[in-house]
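Next come the chains, spelled out residue by residue.
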Amino acid sequence: MSVPLTLLGLLEREPSHGYDLKRDYDAFFGRGKPLPYGQVYSTLGRLARDGKVVAGEAEPGDGPERKRYVITEAGVTEFEHWLGEPVAPEPTLQSVLFTKVVLALLLGRDAEAYLDTQRAAHLRRMRELTELRRTGPLVDALLADHGLFHLEADLRWIDLTTARLDALAAEVRA
Amino acid sequence: MSPLIEARDIELAFGETPALRGASLAAEAGEVLAVMGASGSGKSTLLHCLAGILVPDAGEVHFDGQRIDRLDENRRSALRRDAFGFVFQFGQLVPELTAEENIALPLLLGGVRRAAALAEARPWFARLGLDGLGGRRSGELSGGQAQRVALARGLVTRPRVLFADEPTGALDSLTGEQVMELMVGAAREQGTTVVLVTHEPRVAAYADREAVVRDGRARTLSTGSAPVAAERVAP
């Protein structure tokens, strides 16, 4: 999963300190693997260097750093591009899919449209694999079946998530 | 190119319950279109409106340049008999008839003489791997065999459009794949457009294009794509 893009997404919600970003990242996406402070600030430093965020003046207070970060237009553009792009269908994409859905809901964006885009990408790949299993040797057909079952599992998750979007939105925005 | 069959902004309610709320959908000639959606989404109702079985409360249904939702029941019935074929989830064969007579039934109803109708039906047995089963009644056929007979019955008139509503829903995975293979293969061979309602992604993957029905509205998802290269198979 892309930490820089996830932080950009959290910053699009509102300007934040590094501490707040780490807290929200851990709460939504950490899943028992908290993001180290060092990685938060080094990532924010690179994003600032690349013009994706701007750091405010240091503020008085406890803690390692008290700068508030604000996303720039270039940062918003990059984040929007990433959010709208379907993930290459692979058996291991679920965490990225999940992250995109949660961020879209957090930001009040159209998560359903994203899920439909992803559904279309999955079905396109399933069509390709179906054609291959129809026309190829049995070994290829078996490999294609393996891919088809994984894609089908993802699609079932997409269907279920689509049906639960309203409830999910209420929960993540609470 | 204008579509062969099209629903434009159709609405339909069953009593107080709305089933379709402005659904639009179009299929081109020769295309295989999958219509997906959860149970109760309205996908089967949409298929029934396209096929002239149900008449929408509002909106329009067009087939081959003609508005069909305003035709009276007799003319819609003739259209269904002459231009459309149907395959449903549970074959729905007539139990008193043999497999051969079931396949010939649409021709017989269309006025074709019995001998000619049965002669038209017979080649379908070899085509669908049903050799030797022509004299059996539906109770003597397996689920997969019965569904293949139903498929032949749906295609025997060489319809312009085949409407298939969950055609593999009652079959195991492998038998379902065989039925889909035969259905899409035969439809493409004779240039029949297929409108395929399914909730199964693996079945929808046989189509050229998909639409999703959600809360009584249809949304087209994608257009066709080029076949995958062999080296891209590994999942």
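Here the structure is a predicted model, which means the values were calculated and not measured.

Rules used in this analysis
Residues numbered from 1 in each chain as written. Chains lettered and ligands numbered in written order. Predicted model: local features only at pLDDT ≥ 70, side-chain atom pairs only at ≥ 80, totals over all residues. Helix = DSSP H or I, 4+ residues; strand = E, 2+ residues; numbered from the N terminus. Rg over C-alpha atoms; globule rule 2.2 N^0.38 Å. Buried ≥ 20, exposed ≤ 12 C-beta atoms within 10 Å, placed from the backbone. Contact = placed C-beta atoms within 7 Å. Pairing = 2+ DSSP bridges. Domains from an automatic or database assignment. Expected span 1.5 Å × (residues − 1). Arc of directions from axis to C-beta. Core = buried A, V, L, I, M, F, W, Y, C linked by C-beta atoms within 7 Å. Axes fitted to C-alpha atoms, helices over the stretch in contact; angles between N-to-C directions. Parallel < 35°, antiparallel > 145°, perpendicular 65-115°, else oblique. Left-handed = near helix turned anticlockwise from the far one by under 90°. Nonpolar A, V, L, I, M, F, W, Y, C, P; charged D, E, K, R; others polar.

1. Focus on the overall build of chain B
Point 1. Counting its secondary structure elements, chain B contains 8 helices and 10 strands.
Point 2. Computed over C-alpha atoms, the radius of gyration of chain B comes to 18 Å, within 12% of the 18 Å expected from 2.2 N^0.38 for 235 residues, which places it in the range of a compact globule.
Point 3. Projected onto its principal axes, the C-alpha coordinates of chain B cover approximately 55 × 45 × 35 Å.

2. Observations concerning the overall build of chain A
Point 1. If you tally the helices and strands in chain A, you get 8 helices and 3 strands.
Point 2. Secondary structure elements in chain A, listed N-terminal to C-terminal, are α-β-α-α-β-β-α-α-α-α-α.
Point 3. Overall size of chain A, expressed as C-alpha extent along the three principal axes, is 70 × 30 × 30 Å.
Point 4. Relative to its 174 residues, chain A shows a buried fraction of 29%.
Point 5. At a minimum sequence separation of 6, the contacts of chain A that also span at least 24 residues come to 56%.

3. Overview of the pairing of strand 6 (residues 84-87) of chain B
Residue and element names in this part refer to chain B.
Point 1. The alternating pattern of strand 6 places Phe84 and Phe86 and Gly85 and Val87 on opposite faces, both of which are buried.
Point 2. In the sheet, strand 6 pairs with strand 7 (residues 161-165) via 4 bridges, with the strands oriented parallel. Its bridge partner being in strand 7, valine 87 is matched across the sheet by alanine 164.

4. A look at the domain arrangement of chain A
Residue and element names in this part refer to chain A.
Point 1. As far as domains go, chain A holds domain 1 (1-84) and domain 2 (86-174).
Point 2. Each of domain 1 and domain 2 has a C-alpha centre, and these two points are 27 Å apart.
Point 3. Taken together, the contact pairs 9 residues of domain 1 with 10 residues of domain 2.
Point 4. Breaking the side of domain 1 that touches domain 2 down by element, the ones donating at least two residues are helix 1 (3-13), helix 2 (18-30) and helix 4 (73-84).

5. What about unusual backbone geometry?
Residues and elements named next belong to chain B.
Point 1. A positive phi angle, near 45°, is found at glutamate 166, a position not held by glycine.
Point 2. Within the secondary structure, glutamate 166 is located in the loop between strand 7 and helix 7 (173-189).
Point 3. For aspartate 215, which is not glycine, the phi dihedral falls at a positive 50°.
Point 4. By the secondary structure assignment, aspartate 215 is in the loop between strand 9 (209-214) and strand 10 (217-220).

6. Points about helix 2 of chain A
Residue and element names in this part refer to chain A.
Point 1. Taking 1.5 Å as the rise per residue, helix 2 with 13 residues should run 18 Å; its terminal C-alpha atoms sit only 15 Å apart, a clear shortfall.
Point 2. Residues of helix 2 that are buried: Gly18, Leu21 and Lys22. With its buried residues spanning 95° around the axis, helix 2 presents them on a single face.
Point 3. Summarising the contacts, the buried residues of helix 2 are in contact with helix 1, strand 1 (16-17) and helix 3 (37-49).
Point 4. Remark: arginine 31 follows helix 2 within two positions and exhibits a positive phi of approximately 45°.

7. Observations regarding the nonpolar core
Point 1. Formed by 76 residues in total, the largest nonpolar core has its most connected members in Leu33(B), Val35(B), Leu46(B), Val195(B) and Leu196(B).
Point 2. Counting residues per element, this core draws most heavily on helix 6 (residues 143-155) of chain B, which supplies 6 residues.
Point 3. When sequence neighbours within four positions are dropped, the list of residues in contact with Leu33(B) reads Ala27(B), Val194(B), Val195(B), Leu196(B), Ala207(B), Asp208(B), Arg209(B) and Ala211(B).
Point 4. Leu10(A), Leu103(A), Ala111(A) and Leu115(A) belong to the second-largest nonpolar core, a separate cluster that totals 20 residues.

8. Some remarks on the sheet that holds strand 3 (residues 68-71) of chain A
Hydrogen bonds between backbone atoms are what pair the strands of a sheet, whose relative direction is either parallel or antiparallel.
Residue and element names in this part refer to chain A.
Point 1. Taken together, 3 strands build an open sheet; the order of strands is 1-3-2 and the sheet is antiparallel. Edge positions in the sheet fall to strand 1 and strand 2 (53-55), since each has one partner strand and no second.
Point 2. As defined by bridge partners, strand 1 adjoins strand 3 across 2 bridges and the pair is classed as antiparallel. Pairing of histidine 17 across the sheet is with arginine 68, part of strand 3.
Point 3. In the packing of helix 1 onto the sheet, contacts are made with strand 1, strand 2 and strand 3, and the angle to strand 3 comes to roughly 95°.

9. Describing the sheet that holds strand 5 (residues 66-67) of chain B
Residues and elements named next belong to chain B.
Point 1. Strand order in the open sheet made by the 4 strands is 2-1-4-5, with antiparallel pairing throughout. Across the chains shown, the open sheet's two edge strands, defined by having one partner strand only, are strand 2 (17-27) and strand 5.
Point 2. For strand 1 (residues 5-14) and strand 4 (residues 58-63), the ladder comprises 5 bridges, and the chain directions are antiparallel. Residue arginine 8 lies in a different strand from strand 4, and its bridge partner there is glutamate 60.
Point 3. Each of strand 1, strand 2 and strand 4 is contacted by helix 1 (residues 43-50), which is oriented at about 120° to strand 1, the strand it contacts most.

10. Quick look at the packing of helix 3 (residues 99-109) of chain B against helix 4 (residues 114-121) of chain B
Residue and element names in this part refer to chain B.
Point 1. Helix 4 packs onto helix 3 with a crossing angle of 120° between their chain directions and a minimal axis gap of 8 Å. If you check the angle between helix 3 and helix 4, you find them oblique. Handedness of the crossing formed by helix 3 with helix 4: right-handed. The segment helix 3 lies against helix 4, with Glu100, Ile103, Ala104, Leu107 and Leu108 engaging Arg114, Ala117, Leu118, Glu120 and Ala121.
Point 2. Looking at the contact of helix 3 with helix 4, its residues break down into 7 nonpolar, no polar and 3 charged.

11. As for the packing of helix 6 (residues 111-135) of chain A against helix 7 (residues 138-163) of chain A
All names here are of chain A.
Point 1. Running from amino to carboxyl end, helix 6 crosses helix 7 at an angle of 160°, the nearest separation of the two axes being 9 Å. In this view, helix 6 runs roughly antiparallel relative to helix 7, as classed from their interaxial angle. Where helix 6 crosses over helix 7, the handedness of that crossing is left-handed. Of the residues in helix 7, those in contact with Glu112, Leu115, Gln118, Arg119, His122, Arg125, Met126, Leu129, Leu132 and Arg133 of helix 6 are Asp140, Ala141, Ala144, Asp145, Gly147, Leu148, Leu151, Asp154, Leu155, Ile158, Thr161 and Thr162.
Point 2. Residues belonging to the contact of helix 6 with helix 7 are distributed by class as follows: 10 nonpolar, 5 polar and 7 charged.

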